[in-house]
Amino acid sequence: MAGAGTGRTGAAGLVAVLAVVAVSGWFLYDRFGGRSQSRATITEACEGLVDPGALMRFAGGRKVGAEPPEDRVCLLSREVTFEGEERMDAFFSLWVVPSGDAEPGGRTFEFTARSVTVTATCAAPARSTGPTALRVTAGTEFEAATRGEPGALPGLAREAALRAAARAGCETVLPPAPKL
């Protein structure tokens, strides 16, 4: 009789262990699989111009999705909870504007309440008809540009400017991003 009870206890224990493993696995997938999917969304939507890890930190580690960009390179939304319901709200946008009439010695970083624009002036025009500068603006849709870590939005704008300049064949040097 002792053996029969042990078999049931063993089976119940196995079922309990499997339930814990399944719930843990789902939690890990949701926590890290969602993060991985958000990183892929950022890379694709922003054409590889921003670091997904830095943008995830700027998003507060929340799930990130892409919106139709309209006139921008990308428009991203993040999951927020409002009045007990989860929804996606726009929070980050990126514009890249090539220019053929750069002003040497102009300001590199320009700030508004919700955006940072970086001007990357080319050392030499990129190809014969290429730009002499790129103006890259990183903006936050509903919050101040000073949100998050000091210098987070300027850092995102600077990195995007360097990557866009490299893609356009524009050699440029930018100072470190200022801490706001």
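The sections below set out a description of the structure shown in this document. Not measured: the values here are computed from a predicted model.

Conventions we followed
Residues numbered from 1 in each chain as written. Predicted model: local features only at pLDDT ≥ 70, side-chain atom pairs only at ≥ 80, totals over all residues. Heavy atoms only, no water. Helix = DSSP H or I, 4+ residues; strand = E, 2+ residues; numbered from the N terminus. Buried < 20%, exposed > 50% of the residue type's maximum accessible area, 1.4 Å probe, protein only. Contact = heavy atoms within 4.5 Å. Polar contact = N/O pair within 3.5 Å; in protein donor to acceptor, adjacent residues only side chain to side chain. Core = buried A, V, L, I, M, F, W, Y, C linked by side-chain atoms within 4.5 Å. Disulfide = S-S within 2.5 Å. Phe/Tyr/Trp six-rings, centres within 6.5 Å; stacked < 30°, edge-to-face > 60°. Lys NZ or Arg CZ within 6 Å of the ring centre and 35° of its normal.

Attention shifts here to the overall build of the protein chain. Helix and strand counts for the protein chain come out as three helices and six strands. Of all 180 residues assigned to the protein chain, the portion counted as buried reaches 35%. Of all intrachain contacts in the protein chain linking residues separated by at least 6 positions in sequence, the fraction that spans at least 24 positions is 57%.

A separate point is the side chain of Thr-119. Within the secondary structure layout, Thr-119 lies in strand S5 (residues 115–121). A relative accessible area of 14% means that Thr-119 is categorised as buried. Polar contacts involving the side chain of Thr-119 include one to the side chain of Arg-135, which spans 3.0 Å. Setting aside residues no more than four positions away along its own chain, Thr-119 makes contact with Arg-107, Thr-108, Glu-110, Ala-133, Leu-134, Arg-135 and Leu-174.

Turning our attention to the environment of Glu-110. When you line up the elements, Glu-110 lands in strand S4 (residues 109–111). Taking the C-alpha atoms as reference points, Glu-110 and Pro-154, separated by 44 residues in sequence, lie 9.3 Å from one another. Leaving out residues up to four positions away in the same chain, Glu-110 has contacts with Ser-115, Val-116, Thr-117, Thr-119 and Arg-135. A polar contact is formed between the side chain of Glu-110 and the side chain of Arg-135, at a distance of 3.2 Å.

Attention now moves to the environment of Thr-117. With respect to the element layout, Thr-117 can be found in strand S5. In the structure, Thr-117 is positioned 22 residues away from Gly-139 in sequence and 8.5 Å away in space, judged by C-alpha atoms. In contact with Thr-117, other than residues within four places in its own chain, are Thr-108, Phe-109, Glu-110, Arg-135, Val-136 and Thr-137. For Thr-117, the side chain forms a polar contact with the side chain of Thr-137, separated by 2.8 Å.

Right, let's get into the nonpolar core. In terms of nonpolar packing, the biggest core is built from 36 residues, with Leu-55, Leu-76, Phe-92 and Leu-94 touching the most fellow members. Within the residue set of this core, elements represented by two or more residues are helix H1 (2–45), helix H2 (52–58), strand S2 (74–82), strand S3 (85–99), S5, strand S6 (133–139) and helix H3 (152–168). Tallying contributions element by element places H3 first for this core, with nine residues. With residues near it in sequence (within four places) discarded, Leu-94 still touches Leu-49, Val-50, Arg-72, Val-73, Cys-74, Val-136, Thr-137, Ala-138 and Ala-160.

The next subject is the state of the cysteines. By definition, a disulfide links the sulfur atoms of two cysteine residues through a covalent bond. All chains considered together, the criterion is met by two disulfides. At a sulfur-sulfur separation of 2.1 Å, the disulfide partner of Cys-46 is Cys-74. The disulfide joining Cys-46 to Cys-74 has a torsion of about 80 degrees about its S-S bond and is therefore right-handed. With Cys-46 in the loop between H1 and H2 and Cys-74 in strand S2, this residue pair connects regions lying 28 residues apart in the sequence. You can call Cys-74 buried: its relative accessible area is 1%.

Right, let's talk about the packing of aromatic side chains for a bit. One pass over the full model with this rule turns up three aromatic pairs. When the centroid spacing of 6.5 Å and the interplanar angle of 75 degrees are considered together, the rings of Phe-58 and Phe-92 count as edge-to-face. Highlighted residues: Phe-58 in helix H2 and Phe-92 in strand S3, separated in sequence by 34 residues. Each member of the pair, Phe-58 together with Phe-92, is buried. Ring geometry for Phe-91 versus Phe-92: centroids 6.3 Å apart, planes at 45 degrees, classification tilted. For the pair shown, Phe-91 and Phe-92 are each scored as buried. One aromatic cluster is present, formed by Phe-58, Phe-91 and Phe-92 through successive ring pairs. The aromatic ring of Phe-82 is capped on one face by Arg-87, whose charged end is 4.5 Å from the ring centroid.

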